Amino acid sequence: MKRFRTCLTLAAFAIAVLFAGCSKHTGKDNVRQADIGFIAHIQEIAITRPEEALALLDTAESRHRLSAFDINDLRSLVYHNGLSRYKTALAYARKAYNDPEAKKKPKRLLSLVSIMADEAHTNGDYAGSIRYCTEGLDLARKLENRTYEAGLNVTWGLNLMEMGQYDEAFRHIDMAIGILDKEVRKNPRYHAWDELLYALGMKLSLLWDKDRYEEAITMKPLIEEALQGLKKSDGIPDGLADMRKAETDAIYCCIAYATSDRTEGDRLYRQIEANPASSAPEKEYIRILCLNMAGRHQEALHYIRREKEMLRASTDTVNWDYINPHLQSELEAYQGIGDWKSASRVQSMMLALTDSLRQRERTRDALELAEIYNSSEQALQIERQANKIRRHNIFFAFGIPAFILLAAILVYVLKSRRIIERKNDAMKKAIDELIACKDGLFEKQEENMRLREKLESSDRQSDQEKDRMLFEHVNHEIVSRKLYLQSDFSKKELLKGVHIPANKFASLFREFAGCSFSQYIQDLRLDYAIRLMREQPQWTLDAIAKEASMSNGAFYSQFQKKYGMKPSEFRKRELFAPIDKND
């Protein structure tokens, strides 16, 4: 009788859980409210860690943590700010924009419309960008958000400039400058001053581009006042004011040379040279255009070569920015000194890069369209799954007797599972101890390496001790620099950086690591995956495997082989493990 009551209780509990689980997925109206902290975190890492942000959004979508509007809005932000994939960003932005929830969140909608205006301009849809600017300006005025109002006016002006309506373009940029000038008087934060300098800088660049030098010169007092305001504002990042000063001085320096005022041009160039911002290697490019305008082409070539070396070492140089201004400046310098052979070589490189970029853009556009199509298919699949769940609910409503029988069976199943759970709990504890032991061993290895440097020279040590020191050195390099996370890391790559006799390589790892080199690397990746499961409980197991440089199949099979339990079982125990009050 007692066992029957237990089965009945379990059955009732199972029914309640099943219906509760189904109710979570019965349409858009039951999606949980957006987690404000989670949204803020995505916005924070959108630029610096876009891939992680997308992985978190995929997990949030699968768990119905955010609404469809939030998912599409945040994906648009990540693709726009973090990955510069503007067509994909625009596609997600339009989905969020067309969602009925967008109208209920006017502040988020304003940010969304502003991004859409910028993305449409970047993609060459100037008329569409202006339409978004119009809508955004109406919304900004209703919300009394003057900063967004100014930014949308600048975007509007840039669209009109591309459409050849120069006077109207300058009118909108002047409106933005007027708005921001009033804002800095009321709230003189560094961000407001920097926004004002951005608007002034855009106007100054456009005036220079259109050879309207006199108007550009009349802007000097306004720019100087904005620079002083930026310098005096609170919380300004180091070097920002110097950078803005160098940028505006460079434009005025070029204008001075263009108007044959060499004395003023030389004076401004000396200011640029003395500015710390233009002395940093990554900012020396500011000087190049000024030197070309001054006819100092050999000096310009000196900085061009330094700039090219830095770019080739740090970034992919197959891009439009590398063609213009970098290669364009080099071409002008060679033409200036009459080196037509070198000029022809640079011009050929520009043409080849242009063809390569056009092919790359066609390929990328095709991939982005495929991705957009896939996302639409996923949305359709989610809707189909929702319909399927609703049909299941009807079935469950008439399946209560079956659930009671199931609960009775579960009583017997649970008994056998307790043994497995105890085993898994013990294995988790063993894994924890193993990881802690490895961490302690690594710290001791570092200490031993420092101590051995103070002992006798290596020629007085035994061969086995030398081998141990060599292995500890190799192990320290791999672990401290996380070389095992490199997908292409191999024995060949290791031998490039650390000298190990080829005939000792395999025996070194077998003797001191107790396994082969490949298994040693896999073990380090598994240890790293375990740390990620603790530190990032919101990540999916697939995302953790990818971050640990392992395929999904290798991660699951190696984890099961080494620890005797599945990764999901370990995570379950990690999430529900009791907190040690002594920690």
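Every chain is numbered on its own, with residues counted from 1 as its sequence reads. Only residues with pLDDT of 70 or above have their local features reported here, since the model is predicted, and side-chain atom pairs are shown and tallied only from 80 upward, although totals for entire chains, interfaces and linings are computed over all residues. Calculation of side-chain values draws on the structure's entire complement of heavy atoms; hydrogens and water are dropped beforehand.

Asker: What am I meant to see in the overall build of the protein chain here?
Answerer: Every helix listed is a DSSP run of H or I at least four residues long, and every strand listed is a run of E at least two residues long, numbered separately from the N terminus. In terms of helices and strands, the protein chain carries 26 helices and zero strands. Partly exposed describes any residue whose relative accessible area lies between the buried limit of under 20% and the exposed limit of over 50%, with all areas from a 1.4 Å probe on protein chains only and scaled to the type maximum. Put simply, the protein chain has 583 residues, and 40% of those count as buried. The protein chains shown are the only cover counted for residues, whose accessible areas, like all others here, come from Shrake-Rupley with a 1.4 Å probe. Carbon together with sulfur atoms contributes 54% to the accessible area of the protein chain, which is approximately 33,100 Å² in total.

Asker: Just checking my understanding: could you explain the state of the cysteines for this structure?
Answerer: Here a disulfide denotes one covalent bond, and it connects the sulfur atoms of two cysteines. Throughout, disulfides are identified as pairs of cysteine sulfur atoms within 2.5 Å of each other. The final tally for this structure, using the stated rule, is zero disulfides. The closest cysteine sulfur to the non-disulfide-bonded Cys254 is located on Cys290, 4.0 Å from its own sulfur. Given the relative accessible area of 1%, Cys254 is considered buried. Of all cysteine sulfurs, the one in Cys253 lies closest to Cys290, which takes part in no disulfide; the gap is 3.8 Å.

Asker: Even after reading the chapter, I still don't get the packing of helix H20 (residues 463–480) against helix H23 (residues 517–535), so can you show me in this structure?
Answerer: Working note: a packed helix pair is described by the angle between its axes plus the distance between those axes. Each axis is a line fitted through C-alpha atoms, taken for helices only over the stretch in contact, and angles between the N-to-C directions span 0 to 180 degrees. Two numbers describe how H20 lies on H23: the axes approach to 12 Å, and their chain directions differ by 45°. One element, H20, and the other, H23, form an angle in the oblique class. Remark: the crossing between H20 and H23 carries right-handed chirality. Taken together, the residues of H23 that come into contact with H20 (itself represented by Phe471, Asn475, Ile478 and Val479) are Phe517, Tyr520, Ile521 and Leu524. Should an angle fall under 35 degrees it is called roughly parallel, over 145 degrees roughly antiparallel, and 65 to 115 degrees roughly perpendicular, with every other angle called oblique. Should the near helix be turned anticlockwise from the far one by less than a right angle, the crossing is termed left-handed; should it be turned clockwise, right-handed. The contact rule is simple, with two residues in contact once any of their heavy atoms fall within 4.5 Å.

Asker: What is the right way to read helix H8 (residues 146–162) from this model?
Answerer: Turn by turn, an α-helix covers 3.6 residues, leaving residues three or four places apart pointing in a common direction. Here H8 contains 17 residues, and its C-alpha end-to-end distance of 25 Å stays within 8% of the 24 Å for a straight helix at 1.5 Å per residue. Of all the residues in H8, the buried ones are Glu149, Ala150, Leu152, Asn153, Val154, Thr155, Trp156, Gly157, Leu158, Asn159, Leu160 and Met161. Where H8 begins, one side-chain oxygen reaches toward the backbone nitrogen of Thr147, 3.4 Å away; that side chain belongs to Asn145. Looking one or two residues beyond H8, the residue adopting positive phi is Gly164, at roughly 85°. Helix span, expected: 1.5 Å multiplied by one less than the number of residues in the helix. In the analysis that follows, any N or O atom pair within 3.5 Å is treated as a polar contact, provided that within protein one partner can donate a hydrogen and the other can accept it, and provided that, for residues neighboring in sequence, both atoms belong to side chains.

Asker: Please clarify how the pattern of salt bridges should be interpreted in this entry.
Answerer: When charged atoms on two side chains of opposite charge get close, those side chains can pair. One side-chain nitrogen of Lys or Arg within 4 Å of one carboxyl oxygen of Asp or Glu is enough to make a salt bridge. Summed over the entire model, instances satisfying the criterion amount to 28 salt bridges. Salt-bridge contacts for Glu168 lead to Arg171; the nearest nitrogen and oxygen are separated by 2.5 Å. Of this pair, Glu168 and Arg171 are both found in helix H9 (residues 166–186), three residues apart, which corresponds to roughly one turn of the helix. The closest approach of N and O atoms between Asp249 and Lys245, which form a salt bridge, is 3.5 Å. With Asp249 and Lys245 both in helix H13 (residues 240–258), this residue pair falls four residues apart, about one helical turn. Residue Asp249 shares its accessibility class with Lys245, and that shared class is buried.

Asker: What is the right way to read the environment of Leu57 from this model?
Answerer: For Leu57, the location among the structural elements is in helix H3 (residues 50–62). If we skip the residues at most four places from it in the chain, Leu57 touches Phe38, Ile42, Leu66, Ile71, Leu74, Arg75 and Val78.

Asker: Help me understand the nonpolar core, please; the structure alone is not making it clear to me.
Answerer: One broad rule of soluble globular proteins: the nonpolar side chains tend to lie buried together. Here, the term nonpolar core denotes a set of buried Ala, Val, Leu, Ile, Met, Phe, Trp, Tyr and Cys residues that are joined through side-chain atoms within 4.5 Å. Membership of the largest hydrophobic core comes to 86 residues, with the highest contact counts inside it found for Leu112, Leu196 and Ile223. Apart from residues no more than four positions distant in its own chain, Leu196 is found in contact with Ile177, Leu180, Asp181, Val184 and Ala226. Counting 59 residues, the second-largest nonpolar core is a separate cluster that includes Leu54, Ala89, Leu524 and Phe570.

Asker: What is the right way to look at the side chain of Glu477 in this model?
Answerer: As for its placement among the helices and strands, Glu477 is situated in helix H20. A polar contact of 2.9 Å, which involves the side chain of Glu477, links it to the side chain of Arg481. Setting aside its immediate chain neighbours within four residues, Glu477 contacts Leu483 and Val498.

Asker: It is not clear to me how the packing of aromatic side chains should be interpreted in this structure. Could you clarify?
Answerer: The way to describe two aromatic rings as a pair is by their centre distance and the angle between their planes. Between 30 and 60 degrees the pair is tilted, below 30 it is stacked and above 60 it is edge-to-face, where a pair is any two Phe, Tyr or Trp rings, Trp via its six-membered ring, whose centres lie within 6.5 Å. Applying the stated rule across the entire model yields 15 aromatic pairs. Relative to Tyr528, the ring of Tyr484 has its centre 6.2 Å away and its plane inclined at 70°; by these criteria the two rings are edge-to-face. Of the two residues, Tyr484 is situated in the loop between H20 and helix H21 (491–497) and Tyr528 in helix H23; the sequence distance between them amounts to 44 residues. Judged on exposure class, the residue Tyr484 and its partner Tyr528 are both buried.

Asker: Just to check I follow, could you spell out helix H22 (residues 505–512) for this structure?
Answerer: Taken together, the buried positions of H22 are occupied by Phe505, Leu508, Phe509 and Phe512. Each buried residue of H22 lies within a common arc of 90° when the element is viewed along its axis, so the set occupies one face. Elements in contact with the buried residues of H22: H20, H21 and H23. Once H22 ends, the next one or two residues include Gly514, with phi positive near 80°. Arc definition: it is the arc formed by the directions from the helix axis to the C-beta atoms.

Asker: Got a minute to help me understand a nonpolar patch on the surface in this structure?
Answerer: Only residues whose relative accessible area exceeds 30% and that form no salt bridge enter a patch; like-charged residues are grouped when within 9 Å of one another, and nonpolar side chains (Val, Leu, Ile, Met, Phe, Trp, Tyr) when within 5 Å. There is a patch of nonpolar side chains on the surface, built from Leu406, Leu410 and Leu414 and spanning about 220 Å² of accessible area. Tracing the chain through its elements places Leu410 in helix H19 (residues 400–453).

Asker: Looking at this model, I keep getting lost on unusual backbone geometry. Mind explaining?
Answerer: The phi angle of most residues is negative, glycine excepted, and most peptide bonds adopt the trans form. Unlike most non-glycine residues, Glu144 shows phi in positive territory, near 55°. A residue is classified by how much of its surface remains accessible, and Glu144, at 68% relative accessible area, is exposed. In this model, Asp211 sits at a positive phi of 60°, which is unusual for a non-glycine residue. Inspection of the secondary structure assignment puts Asp211 in the loop between helix H10 (190–209) and helix H11 (213–218).

Function-wise, these values are silent; they only describe arrangement.
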